[in-house]
Amino acid sequence: METTKLQLRQIYEDLIPVLDQQRYGAEYANSLFKGPWGALLYLFYYEQYIDPNADHAAGLLEKIYDAYTPEEGTNYSFCSGHTGPYWLLEHLSRHQFLDMDLHHLADDFVTATIAQSNLNLQWKNFDFLHGSIGMCNFLVPFATRPDVRQHLSDCADHLLAASKLTPKGRSLPIFYTHDKPVGEYVDAFSLAHGSCAALILLAKLYAAGISKDTCELLVTECMAFILNNRLAAVPDELNALYPAILDGKYANSNSRLAWCYGDLNVAWTLWYCGGIFNNETWKKEALDIMHYNIRRNSNESAGVLDCCLCHGTSGIAAFYRKFWFETGEPAFQACAEYWYGKAALEITFSDDGSKHGILVWRGKDKDWCYSWDLLDGGAGVGLALMSRLHETPLTWDECFLLS
């Protein structure tokens with residue numbers, strides 16, 4: 001574990017000049033997942049749980065916040081817009097990293113977020129990372145406000161209107177394919193962009209007493225649709241149990257292990273919603289999925305190429321560590337350790353400071369490049385590895401819908 005602590009320190013020291021010198025540029029200045037705010041999340045957790053003597057996070061937050069202009073622009077997406085920074089501030093306040101009254105600070109911002117989320121609902125942009133579900137998830141902690149409760153209820157109604165009854169259950173086609181010249185809405189079993197995020201949000205609304213009948217109907221009937229799309233396991237092969245995107249164009253059984261799409265998304269959604277709705281059948285299927293996918297223990301069978309949190313080895317480790325926290329099953333801890341080990345082997349830094357965290361796959365015929373951010377880079381990998389050192393859950397994964 002000393003090697004892990006060293007790597008966490010290297011990531012911490014690498015992020016400080018990136019933030020201090022604003023190397024992220026204007027494009028990502030407001031981004032939680034691709035910009036400085038996600039890196040700040042890592043710094044605060046490092047100073048709280050790894051090295052209490054380190055003291056850079058608060059000063060860098062103040063510097064970045066002083067340059068922040070939330071009143072400018074209309075991008076309120078959770079990934080790259082204004083709700084990301086405010087989510088960070090609310091999260092740090094609620095978990096006592098910072099002593100601040102965010103609910104007073106965020107009064108006008110919450111009102112503006114409701115307005116932008118309403119527009120996205122009208123545009124049928126439900127996406128967690130880029131649309132209304134991410135904005136509504138940010139609003140849940142403010143649900144004591146009547147306007148927030150009304151908007152969250154409206155979101156549930158819009159999801160119901162977007163759903164379709166089928167012989168397999170209630171379809172929730174909210175993923176837009178962006179095909180040219182005209183795209184289409186299809187089902188995607190995805191936390192990043194599809195129905196898994198929607199069902200977790202609906203479970204949160206149900207737990208908060210918001211539109212309980214609508215939320216229960218949607219979750220129950222949409223979960224039936226997901227379960228009825230389970231693929232047959234092929235003997236002696238390591239295919240996925242669930243498709244990622246139901247558009248008929250991809251080899252569904254090749255769905256990779258990742259945070260963004262696929263089997264692990266379905267397992268966590270079943271487990272989380274099973275807890276809220278007291279459904280042991282869903283929870284059992286979640287465990288079956290996780291046990292089955294332990295066998296997909298090579299990069300090829302898991303469909304991974306790098307160690308990022310979104311779709312790499314550290315993301316798989318984070319899921320299995322999470323299920324170990326939830327269940328105490330030794331098989332899940334062992335699987336998490338296996339993937340943590342693979343992720344740790346891919347972390348490299350150069351003496352000249354030119355390599356920021358991890359080497360990231362950018363796609364066929366493109367160069368591999370180093371990345372330091374939360375979604376694809378060192379900050380996210382570092383947070384995943386940080387959970388490796390603790391016997392109880394760390395709540396950084398709230399921004400990935402895993403808490």
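First, a word on what this report is: a plain description of the structure on this page. A quick note: this is a predicted structure, and the numbers were derived from the prediction, not measured.

### Description of the overall build of the protein chain
What the protein chain contains, in helices and strands, is 16 helices and six strands. In terms of C-alpha radius of gyration, the protein chain reaches 20 Å, essentially the compact-globule figure of 22 Å for 403 residues. In the protein chain, which comprises 403 residues, the proportion classed as buried is 58%. Pairs at least 24 apart in sequence give 64% of the contacts found in the protein chain among residues at least 6 apart. A total of about 16,500 Å² of accessible surface is found on the protein chain, and carbon and sulfur atoms cover 50% of it. Charge centroids of the protein chain, computed over 30 positive and 49 negative side chains, lie 6 Å from each other.

### Section: helix H8 (residues 146-162)
For H8, which comprises 17 residues, the first-to-last C-alpha distance of 24 Å matches the rise-based estimate of 24 Å (1.5 Å per residue) to within 8%. Of the surrounding elements, those touching the buried residues of H8 are helix H6 (107-122), helix H7 (132-139), strand E1 (164-166), helix H9 (195-207) and helix H10 (212-227).

### Section: the packing of aromatic side chains
Taken as a whole and judged by the stated rule, the model has 32 aromatic pairs. Pairing Trp37 with Tyr68 gives two aromatic rings, centres 5.3 Å apart and planes at 65 degrees, and the pair type is edge-to-face. Placement of the pair is Trp37 in helix H2 (residues 36-49) and Tyr68 in the loop between helix H3 (57-66) and helix H4 (83-94), with a sequence separation of 31 residues. For the pair shown, Trp37 and Tyr68 are each scored as buried. Relative to Phe109, the ring of Tyr86 lies with its centre 3.8 Å away and its plane at 10 degrees, an arrangement referred to as stacked. Here the residue Tyr86 occupies a position in helix H4, and Phe109 occupies one in helix H6, the gap between them amounting to 23 residues. Of the two residues, Tyr86 and Phe109, both sit in the buried class. Chaining the aromatic ring pairs together yields one cluster made of Trp37, Tyr65, Tyr68, Tyr76, Tyr86, Phe109, Phe138 and Phe142. In this structure, Lys212 is placed above the aromatic ring of Tyr206, and the distance from its NZ or CZ to the ring centre is 4.6 Å.

### Considerations on the environment of His311
Within the element layout of this structure, His311 appears in the loop between helix H13 (299-302) and helix H14 (313-327). Separated by 52 residues in sequence, His311 and Trp259 place their C-alpha atoms 5.8 Å apart. Ignoring any residue separated from it by four or fewer positions in sequence, one finds His311 in contact with Arg256, Ala258, Cys260, Val304, Asp306 and Asp376.

### Considerations on empty space enclosed by the protein
This model, assessed by the stated rule, comprises one cavity of 30 Å³ or more. One number sums up the size of the largest cavity: a volume of about 70 Å³. Considered class by class, the residues forming the lining of the largest cavity number six nonpolar, one polar and three charged.

### With respect to the pattern of salt bridges
Taken as a whole and assessed by the stated rule, the structure comprises 16 salt bridges. We note a salt bridge from Arg94 to Glu90, for which the minimum N-O separation is 2.8 Å. Separated by four residues within a single helix, Arg94 and Glu90 lie in helix H4, roughly one turn from each other. With a relative accessible area of 5%, Glu90 lands in the buried category.

About the cut-offs
Residues numbered from 1 in each chain as written. Predicted model: local features only at pLDDT ≥ 70, side-chain atom pairs only at ≥ 80, totals over all residues. Heavy atoms only, no water. Helix = DSSP H or I, 4+ residues; strand = E, 2+ residues; numbered from the N terminus. Rg over C-alpha atoms; globule rule 2.2 N^0.38 Å. Buried < 20%, exposed > 50% of the residue type's maximum accessible area, 1.4 Å probe, protein only. Contact = heavy atoms within 4.5 Å. Areas by Shrake-Rupley, 256 points an atom, 1.4 Å probe, with all protein chains shown as cover. Lys, Arg positive; Asp, Glu negative; His and termini not counted. Charge placed at Lys NZ, Arg CZ, Asp CG, Glu CD. Expected span 1.5 Å × (residues − 1). Phe/Tyr/Trp six-rings, centres within 6.5 Å; stacked < 30°, edge-to-face > 60°. Lys NZ or Arg CZ within 6 Å of the ring centre and 35° of its normal. 1 Å grid on protein atoms, 1.4 Å probe; cavity = no way out; pocket = protein on both sides within 12 Å on 5 of 7 lines; lining within 4 Å. Points joined across faces, edges and corners; volume = space filled by probe spheres on them. Nonpolar A, V, L, I, M, F, W, Y, C, P; charged D, E, K, R; others polar. Salt bridge = Lys/Arg side-chain N within 4 Å of Asp/Glu carboxyl O.

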